[in-house]
Amino acid sequence: QVLTTKYEAVAANPPYMGHKNMNNSLKIYINSNYPKSKSDLFAVFIEVVIEQCLSGGIFSIINQQNWMFLSSYEILRKSLLQKISVVSLAQLGNNIFEELSGEVVQSVMFVFKNDNSIENGVYFKLDKLQNKENGFFNKINRYNETLNRISLIPRKRFAFWVSDRLLSIFSNDNLAKKYNPKSGVLTGKDALFVRNWYEVIYSSIDNKSKNYLDMKQYNYKWAKITNGGKYRKWYGNLYNIVNLKNEGSDIKSLPNNNYRLRNPKYYHKKGINWTLFLSGNFSVRISDSDVVFGNGSRTFFPNEFDFNYLMGLFNTKVVSTILDIYNPTTNFVNEDIADIPLIYEKDTSQINKLVEFNISISRLDWDSRETSWDFETHPLLKAEQPTLQSSYQAWETQVTQEFYQLHANETELNRIFIDIYGLQDELTPEVKLKDITILQEELDTKAFGDTTEPVGALPIKQDVVMRQLISYLMGCLMGRYRLDKPGLHIAHPNPTSEEIVAYAYNNHTVAIDEDGIVPLMDSSCSFADNALIRLKFLLEVQWGNDKQMVETINFMEAALGKDLETFLVKDFWKDHCSRYQKRPIYWLFASPKGAFQVIAYMHRMNKYTIDKIRSKYLLVHIRNLENQLSALQADNASLNREQSKRMEKVRADLDECRAYDLLLKDVADQQIEFDLDEGVVVNYAKFAGVVVPIK
């Protein structure tokens, strides 16, 4: 009786449940009876409450604000505009309920009348405020508007706060009139079909195709793909590859045919992409013609004349402000971007110049890291200075200039487009320093606060720069890179003798590790190829004689905040795992407490690698420990306290290594082989028990 009776007043706090979480019975019922609001139960209950309310009655609801903006509720909004009038509406945002923290649940509460008799409603915009109660009583957050204004906003979004000037902008043609955004490869199971590029054999990645037909012809297994990523402007977030062998036959073979290669004619076309699932502000980046685009990185494809203009526009406050009207969440779908109104300027020369510089600097920044597929060498070596300290200073001077020039360019682009769109009374062009997206690893952006003016010396984290340098030099030890040549050297199994032969550089002979296995232990170990010894040699090769070596090591250790040995033994591999997004290419074989540890270069491993680790390193280390223990025991009567502690430490290490040897021998006897295409996660797990877990 309660469910069938109509009431003069209805109040509700409906349940929240997305369509994908509904059972089949509920889905069928909702799809049949509430197709306008089926995406979530909170929206369905808006229709339910209207059904329960008499004509002219009042109903009040608190629920999620998504129905006000998302394109999936456009039909529901159109229906509401025909049926109801607003008494009051308060957009509350997040942190309304103690048990619902974070940004996911954004709330709204409203009172609607079930007819069109009220012309002006009262609206409150409180979503950006911490103290919502105080904001509610502040007139600056209060709006008296008609629903007719909402009807003028694309897709009838309930952006009640929009100014007359902004409202007038929507009369211009939108992006979709010329360049409708596209959705690309949707694998359905990225864990099966997507890798980070450095996991596989580099030569198996497509570097030839210029279009989809080329992909069919060359038939590489792996294609470079844009796939989203964190907040970054202009260029970057390029590290994924996708299995498109035989035109993506493996993806197409999944039972659900929603997983497919969408819009293939746009693959390998220069475009502008954004991250679908954002973790920060909205931004766009260039997609080069050597990549395809994935579901997480939606893309549109302007012609050459419009490209820089739109690239500049979409990285300005103008578009951010409009998107805040369209969709105050952090996920922007194709329709949101398609609805951006375009106002063109006749003279675009200045915009072109600024955008081209911004892309260039952002590309250089991205490619300065070894996790870029276009990485060549570490920037401190490119500086070509006689000492490490002078190399660092030269690099710091250069990137500081580039950072502030990029900041000035972005500010100027804001000013230009604010003028073009006539929003001088609503927006200012200033850009916060923390929103400049180069040097993302190297800068302590918290030190900037919200400042928009240059602060002089940048808050560079010197330890990060030194860690990057050490990572590159360790790659030189392994043969992944060479000091005398740019780019990758060995990124495949079974290198030839020519590939691992020593080479001349800076009047030194530089050896590449013969088996891609490097001990990572303290200086008490007996190995001549221990990482500490070999790394110091490379520093000497690059930056000079004995006197300079003292300065080099001192500078590096001061930047690291610890001595080099401690960093290599305790921190290097953790840093490596973080740098390579928990997909390490140097695998750490170590006893439980680290009494023995070596790293092996994944790309150079084979079924005999574990046996080499055991015979060439572990057993030798055990004998060394046995000799140390025997020597200490022989002098047991005369040992001081420190020597006695050392003896106990050697004895404990020896017990640990002997126990580890039993485990390692068992794995070595299995002669495990693996396919690099399966990725680090799958392959690393095959050595569980003798490798350090990835955390």
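Since the structure is predicted, the reported quantities are computational estimates derived from the model, not experimental observations.

(A) Spotlight on the overall build of the chain. Looking only at helices and strands, one finds 22 helices and 20 strands in the chain. Along the longest, intermediate and shortest principal axes, the C-alpha atoms of the chain span 100 × 65 × 60 Å. Taken over 695 residues, the chain has a buried fraction of 53%. Taking the contacts inside the chain whose residues are at least 6 apart along the sequence as the reference set, 68% of them involve residues at least 24 apart. Carbon and sulfur atoms make up 49% of the accessible area of the chain, which totals about 31,400 Å².

(B) Inspection of the sheet that holds strand 10 (residues 240–243) at higher detail. Here four strands make up an open sheet; going across it, the order is 8-10-9-14 and the pairing mixed. Both edges of this open sheet fall to strand 8 (194–196) and strand 14 (292–293), since each of them pairs with a single strand only. Summarising the sheet, strand 8 and strand 10 pair through three bridges and their orientation is antiparallel. Paired with Val-194 across the bridge in strand 10 is Val-242.

(C) Region of the structure containing helix 11 (residues 317–326). When we look at burial in helix 11, the residues that qualify are Val-318, Val-319, Ile-322, Leu-323, Ile-325 and Tyr-326. Down the axis of helix 11, the buried side of the element spans an arc of 150°, and every buried residue falls inside it. Taken together, the buried residues of helix 11 touch helix 6 (164–169), helix 10 (304–314), helix 12 (334–338) and helix 15 (388–420).

(D) Representation of helix 21 (residues 641–670) within the structure. The end-to-end C-alpha separation of helix 21 is 44 Å, in line with the 44 Å expected for 30 residues at 1.5 Å each. Residues of helix 21 that are buried: Met-647, Val-650, Asp-653, Leu-654, Glu-656, Cys-657, Tyr-660, Asp-661, Leu-664, Val-667 and Ala-668. The N-cap residue of helix 21 is Asn-640: its side-chain oxygen and the backbone nitrogen of Glu-642 are 3.1 Å apart. Where helix 21 ends, the next residue or the one after it, Gln-671, has phi of about 45°, a positive value.

(E) Region of interest: the sheet that holds strand 12 (residues 271–275). The strand order 13-12-15 describes an open sheet built from three strands, whose pairing is antiparallel. Strands with a single pairing partner mark the edges of an open sheet, and in this sheet they are strand 13 (284–287) and strand 15 (297–300). Averaged over all adjacent pairs, the angle separating strand axes in this sheet is 35°, with direction ignored. In terms of strand pairing, strand 12 meets strand 13 through four bridges, oriented antiparallel. Along strand 13, the bridge assignment pairs Trp-274 with Val-284.

(F) Examining the packing of helix 17 (residues 531–543) against helix 19 (residues 564–579) more closely. Helix 19 packs onto helix 17 with a crossing angle of 125° between their chain directions and a minimal axis gap of 10 Å. With respect to helix 19, the axis of helix 17 lies oblique. Considering the relative orientation of helix 17 and helix 19, their crossing is right-handed. Here helix 17 contributes Ala-531, Leu-532, Leu-535, Lys-536 and Leu-539 to the contact with helix 19, which in turn contributes Leu-564, Glu-565 and Leu-568.

(G) Representation of the packing of helix 16 (residues 462–478) against helix 18 (residues 546–560) in the model. For the pair helix 16 and helix 18, interaxial distance at closest approach is 7 Å and the crossing angle is 125°. For the element pair helix 16 / helix 18, the angle class is oblique. Considering only the axes of helix 16 and helix 18, their crossing is left-handed. Mapping the contact onto sequence places Gln-462, Asp-463, Met-466, Arg-467, Leu-469 and Ile-470 in helix 16 and Phe-555, Met-556, Ala-559 and Leu-560 in helix 18. Along the lines of polarity and charge, the residues of the contact of helix 16 with helix 18 split into seven nonpolar, one polar and two charged.

(H) Structural detail: the environment of Gly-248. Along the chain, Gly-248 turns up in helix 9 (residues 245–252). Note: C-alpha distance between Gly-248 and Phe-112 (136 residues apart in sequence) is 50 Å. Each residue touching Gly-248, except ones within four places of it in the same chain, is listed here: Asn-243 and Leu-261.

(I) Quick look at the nonpolar core. Trp-67 and Phe-589 are the most contacted members of the largest nonpolar core, which totals 188 residues. Among the elements that take part in this core, helix 15 stands out by supplying 12 residues, more than any other. Sequence-distant contacts of Phe-589, defined by excluding residues within four places in its chain, comprise Phe-596, Gln-597, Val-598, Ala-600, Met-605, Ile-610, Ile-613, Tyr-660, Phe-687, Val-690 and Val-691. Listed in part, the 17 residues of the second largest apolar core include Phe-193, Val-194, Ile-251 and Phe-301.

(J) Examining the packing of aromatic side chains more closely. All chains considered together, the criterion is met by 43 aromatic pairs. Centre to centre, the rings of Phe-69 and Trp-161 are 6.2 Å apart; their planes meet at 55°, and the pair counts as tilted. Of this pair, Phe-69 sits in the loop between strand 2 (53–64) and helix 3 (74–83) while Trp-161 is found in the loop between helix 5 (147–151) and helix 6, placing the two residues 92 residues apart along the sequence. Both residues of the pair, Phe-69 and Trp-161, belong to the buried class. Grouping aromatic residues by their ring pairs yields a cluster made of Trp-573, Trp-587, Phe-589, Phe-674, Tyr-684 and Phe-687. Its guanidinium or amino end placed over the ring of Trp-161, Lys-125 lies 3.7 Å from that ring's centre, counting from NZ or CZ. Above the face of the Tyr-503 ring, Arg-482 is positioned so that its terminal group lies 4.1 Å from the ring centre.

(K) Inspection of the environment of Phe-136 at higher detail. In this fold, Phe-136 is placed in helix 4 (residues 132–136). Taking the C-alpha atoms as reference points, Phe-136 and Ala-90, separated by 46 residues in sequence, lie 8.4 Å from one another.

(L) Up close: the pattern of salt bridges. By the definition in use, this model includes 39 salt bridges. The salt bridge involving Asp-484 is made with Arg-482; its shortest N-O contact spans 2.8 Å. Owing to a relative accessible area of 8%, Arg-482 belongs among the buried residues under this scheme. Here the salt bridges share partners, and the residues they tie into one network are Arg-232, Asp-365, Arg-369, Glu-441, Glu-442, Asp-463, Arg-467, Asp-575 and Arg-579.

(M) Looking closely at the environment of Met-17. Topologically, Met-17 is positioned in the loop between strand 1 (7–12) and helix 1 (24–33). Each C-alpha atom of the pair Met-17 and Gly-422 lies 42 Å from the other, and the pair is 405 residues apart in sequence. The residues contacting Met-17, other than those within four sequence positions of it, are Met-22, Leu-26, Ser-39, Asp-40 and Leu-41.

(N) The arrangement of the pairing of strand 2 in detail. Bridge count for strand 1 against strand 2 is five bridges, and the pairing is parallel. Residue pairing in the sheet places Ala-12 in a bridge with Ile-61 of strand 2.

(O) View of the side chain of Gln-542. Positionally, Gln-542 belongs in helix 17. Assessed through its relative accessible area of 12%, Gln-542 is described here as buried. Within the structure, the side chain of Gln-542 is placed 2.9 Å from the side chain of Tyr-505, a separation counted as a polar contact. Those residues in contact with Gln-542, other than ones at most four positions away along the chain, are Leu-381, Leu-483, Tyr-505 and Asn-506.

Parameters at a glance
Residues numbered from 1 in each chain as written. Predicted model: local features only at pLDDT ≥ 70, side-chain atom pairs only at ≥ 80, totals over all residues. Heavy atoms only, no water. Helix = DSSP H or I, 4+ residues; strand = E, 2+ residues; numbered from the N terminus. Buried < 20%, exposed > 50% of the residue type's maximum accessible area, 1.4 Å probe, protein only. Contact = heavy atoms within 4.5 Å. Areas by Shrake-Rupley, 256 points an atom, 1.4 Å probe, with all protein chains shown as cover. Pairing = 2+ DSSP bridges. Arc of directions from axis to C-beta. Expected span 1.5 Å × (residues − 1). Polar contact = N/O pair within 3.5 Å; in protein donor to acceptor, adjacent residues only side chain to side chain. Axes fitted to C-alpha atoms, helices over the stretch in contact; angles between N-to-C directions. Parallel < 35°, antiparallel > 145°, perpendicular 65-115°, else oblique. Left-handed = near helix turned anticlockwise from the far one by under 90°. Nonpolar A, V, L, I, M, F, W, Y, C, P; charged D, E, K, R; others polar. Core = buried A, V, L, I, M, F, W, Y, C linked by side-chain atoms within 4.5 Å. Phe/Tyr/Trp six-rings, centres within 6.5 Å; stacked < 30°, edge-to-face > 60°. Lys NZ or Arg CZ within 6 Å of the ring centre and 35° of its normal. Salt bridge = Lys/Arg side-chain N within 4 Å of Asp/Glu carboxyl O.

That is the geometry; function is a separate question.
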